[in-house]
Amino acid sequence: MTATTSIHWSDRARAVLPGGGFGNFDPGVFIREGRGSRVWDEDGREYVDYLIGSGPMLLGHGHPEVLDAIVAQLPRGQTFFANNVLGVELAEEICRSVECAEQVRFLTSGGEADMYAIRLARAFTGRDKILKFEGGYHGMSAEAQMSLAPAVLANFPTAVPDSAGIPESTRSEVFVAPYNDLAFLSGFLDEHGSGIAAIVVEPLQRIIPQEPGFLHAVRMLCDRFGILLVFDEIVTGFRLAYGGAQEEYGVTPDICTLGKIIGGGFPLAAVAGRRPVMDHFDKGSVGADRWLMMLGTLSGNPVAAAAGLKTMEILRRQGTYETLKRHGTRIQGMLRDHLNAAGVAHEIVGHPALFDVVFTETKVRNYRDVLAGDARKSATFNKVMRNEGILKSPSKFYPSLVLTEDDFERTEHAIRSAARAIASSN
Ligand SMILES: Cc1ncc(COP(=O)(O)O)c(C=O)c1O
């Protein structure tokens, strides 16, 4: 094993993968294996992992009980297309624990779940238009790619496509609002509310929390105008609380999407919602004209369901969410202490279960506030963290449940180095 192993693989990857990677993360990083709170790259470098597969590995890598559940299923078959009891048990558990979930439909990815949630709201309301918030991430469908990360800021509610290949017509179907801006939203809905099928929102938008009462007010506006409220809980589900953001914030949507944790590290996601809405997946209930056709080769895959069910069983144990909160709060405290000591202006944005630091002097309420943060300082922060053996997304810390004292020490050392590097580059 030499430091050239990843260079060798980068060369091979560039030949066969556009941009030399899967499109997700720094293509120069090749992770060889993960155990508990740590991952190792192909060059043998060890990292404390705050990427955790972009969220699913809340229990850490290779949790022995989850592995046992997967290994028990594997010799019985990998996939059937037909119903399997693990999928039914997983749906039952989601319905028990997620407030809006009376029924569940499984899919393979979060983006797919979001696409169907939007279509479902259209089928139920008979309306075409949707409203999303600028900077809100809902997968890769044409609608979701509107004003996800716009470099050019348009006037609200005009949507801006963030990808090539999106038909011009999509612009006329998607309205965009600033997150946390109730005055804008209610004024806009007074004029256009009756044509809108769904308001789609990440209840914790990327890392930005709702201002007190915002989601509750959005719920009331949806009720007033007959709009379905869709919570994208791909990230927040089983993370902010066992029952997700809807439990944490006490606001119940009509539909939610779930992914990441419920598949225990395997491809599995879900749309869940109230029964009259979910009925549109059932031709027998709503008739051919109002039926939403949906098929997926791997939907409800039994290996993914086994991994997800065991993951959720472990999450239900006493003290899980207190531990997660304690871990996140501890790291947030380190960030605050060392950046303050170094005299670096910043805001720690998020929830203890998911957060990052934004280098700004103003309060972060929406996408534009994050964009106004100092990108150069963020880049320095992330670079030093990586060099010091911390793996994280450029815009998020995902704490896991299995962080050790040694992990916290390494993390604190890295944060101290990053704070000093930023201060000295001022
Ligand atoms: C809030 C949110 N919605 C949807 C998605 C898409 O999920 P997937 O990557 O499984 O398609 C993501 C992915 O990170 C997400 O963060």
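The rules behind each value
- Residues numbered from 1 in each chain as written.
- Predicted model: local features only at pLDDT ≥ 70, side-chain atom pairs only at ≥ 80, totals over all residues.
- Heavy atoms only, no water.
- Domains from an automatic or database assignment.
- Contact = heavy atoms within 4.5 Å.
- Buried area = accessible area lost by both parts, 1.4 Å probe.
- Salt bridge = Lys/Arg side-chain N within 4 Å of Asp/Glu carboxyl O.
- Polar contact = N/O pair within 3.5 Å; in protein donor to acceptor, adjacent residues only side chain to side chain.
- Nonpolar A, V, L, I, M, F, W, Y, C, P; charged D, E, K, R; others polar.
- Helix = DSSP H or I, 4+ residues; strand = E, 2+ residues; numbered from the N terminus.

Asker: Which parts of the structure should I look at to understand the domain arrangement of the chain?
Answerer: It is common to give the size of an interface as the accessible area lost on bringing the parts into contact. As assigned here, the chain comprises domain 1 (5-63 + 318-424) and domain 2 (77-315). The distance between the C-alpha centroids of domain 1 and domain 2 comes to 26 Å. Every contact between the two is made by 32 residues of domain 1 and, on the other side, 33 residues of domain 2. Regarding the contact of domain 1 and domain 2, the summed buried area is about 2,600 Å², with carbon and sulfur atoms giving 61% of it. Scanning the region where domain 1 abuts domain 2 turns up two salt bridges. The salt bridge involving arginine 365 is made with glutamate 211; its shortest N-O contact spans 3.1 Å. Inspection of the domain 1/domain 2 interface yields twelve residue pairs in polar contact (both at pLDDT 80 or more). Its residues assigned to classes, the side of domain 1 that touches domain 2 shows 19 nonpolar, eight polar and five charged.

Asker: Help me understand the environment of asparagine 155 in this model?
Answerer: Summarising the element assignment, asparagine 155 is placed in the loop between strand S5 (129-133) and strand S6 (174-177). Sequence separation between asparagine 155 and arginine 45 is 110 residues, and the spatial gap between their C-alpha atoms is 46 Å.

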